[in-house]
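Coordinates in review
Here is how the chains run, residue by residue.
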Amino acid sequence: MKNIELVEGENKAIVSVNPKVFPLEVVFCAAYVFVDRAYLIVDGDPEKELKVIIKGRDGEDVEKISSEFFNQLLNYSVYILQAARNQGVREAIIRRALATNLGEDSYPGEKILKKKANEIKVKRPEKEKSKKLKISEKEKELLLKDKKEIAEPWSEKKAKGLKKPKS
Amino acid sequence: MCIKTNKQKGLTIIKLKGKIYPEEAVDAAIEKAGKKFEIKKQHKKENYIITLKGSKKTNLELLGYEFANYLLYFSKHL
């Protein structure tokens, strides 16, 4: 492979990366994945050509690691691309989530919602209100009368003299 | 970045490119590695020269590679 150069007898490989395709940030992320399996050095010119020196730890296959390294480069490129695309949405969600616990002044949307709610309350016809009041008064009268003492809870005093139900 | 060793003095000399590794990462790696072995940092234009001092028994080349992994860690996380 053109991009992978194996150093014989040293368990070492030099991988060249085009920084215009994979920026330095992506190279660091991809290299960090292999820290437990190899020693990695990032070298070269970040404007022209980057070189990653991979030295295997304890008999690890360097050729395999360097091939996997390119897969990781691709993986992190996609990840960073998607993160950049979703940045606006993520920020909006976090801003809204934080604004719920803050006052009105910090989130202007809350003021607008309250204004609209007040407008709806004012527009409600008065007839509906009076009807509601009449119903509630009737209910109150019925509750206060309670001639048959249905509303009163059971007590031991009242149970005196009554026959026990057969089990 | 290149790693050179001096077995007689027990030194590992690392030359770093300032364009690749940010200064914050280099300082953090030096602070971390400083707990394990003696370390010195020198500036040369944009580049850094870092000298590690290990004992005679230690593998000096591996010492340099170990420091490179520290650098990688801090370059990613800072």
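Refer to the structure printed above.
Described in the following lines is the structure provided in the data block. Just so you know, these numbers come straight off a predicted model, no measurement behind them.

**What to know about the overall build of chain A**
A tally of regular secondary structure across chain A gives six helices and four strands. Seen in sequence order, chain A has helices and strands lined up from the N terminus as β-β-α-β-β-α-α-α-α-α. Here chain A, with 167 residues, has 22% of them falling under the buried criterion. Accessible surface, chain A: about 13800 Å² in total, of which carbon and sulfur atoms supply 55%.

**A short note on the sheet that holds strand S2 (residues 12-17) of chain A**
All names here are of chain A. As summarised here, the arrangement of the four strands in space is S1-S2-S4-S3, forming an open sheet in which the pairing is antiparallel. The open sheet has two free edges, formed respectively by strand S1 (4-7) and strand S3 (38-45), since each of these has just one partner strand. This sheet shows a mean twist of 20° between the axes of neighbouring strands, independent of strand direction. Direction of pairing for S3 relative to strand S4 (residues 49-56): antiparallel, over a ladder of eight bridges. From the neighbouring strand, Tyr-39 faces S4, where its bridge partner is Lys-55. Most of the contacts of helix H1 (residues 24-32) go to S3, to which it runs at about 165°, and overall it touches S2, S3 and S4. Across the sheet, helix H2 (residues 62-85) lies against S1, S2, S3 and S4, angled at about 25° from S2, the strand it touches most.

**Describing the interface of chain A and chain B**
Opposite the 20 residues of chain A that make contact, chain B presents 16 residues. Among the residues chain A hides against chain B, the three largest losses belong to A:Phe28, A:Tyr32 and A:Tyr39. Together they make up 35% of the total. On the surface where chain A and chain B come into contact, there are one salt bridge. The partner of A:Asp43 in a salt bridge is B:Lys17, with the nearest N and O atoms 3.9 Å apart. Put simply, the parts of the chain that give the side of chain A that touches chain B at least two residues each are H1, S3 and S4 of chain A. Looking at the side of chain A that touches chain B, the element that brings in the most residues is S3(A), giving eight residues. Across the side of chain A that touches chain B, the residue classes break down as 13 nonpolar, one polar and six charged.

The rules behind the values
Residues numbered from 1 in each chain as written. Chains lettered and ligands numbered in written order. Predicted model: local features only at pLDDT ≥ 70, side-chain atom pairs only at ≥ 80, totals over all residues. Heavy atoms only, no water. Helix = DSSP H or I, 4+ residues; strand = E, 2+ residues; numbered from the N terminus. Buried < 20%, exposed > 50% of the residue type's maximum accessible area, 1.4 Å probe, protein only. Areas by Shrake-Rupley, 256 points an atom, 1.4 Å probe, with all protein chains shown as cover. Pairing = 2+ DSSP bridges. Axes fitted to C-alpha atoms, helices over the stretch in contact; angles between N-to-C directions. Contact = heavy atoms within 4.5 Å. Buried area = accessible area lost by both parts, 1.4 Å probe. Salt bridge = Lys/Arg side-chain N within 4 Å of Asp/Glu carboxyl O. Nonpolar A, V, L, I, M, F, W, Y, C, P; charged D, E, K, R; others polar.

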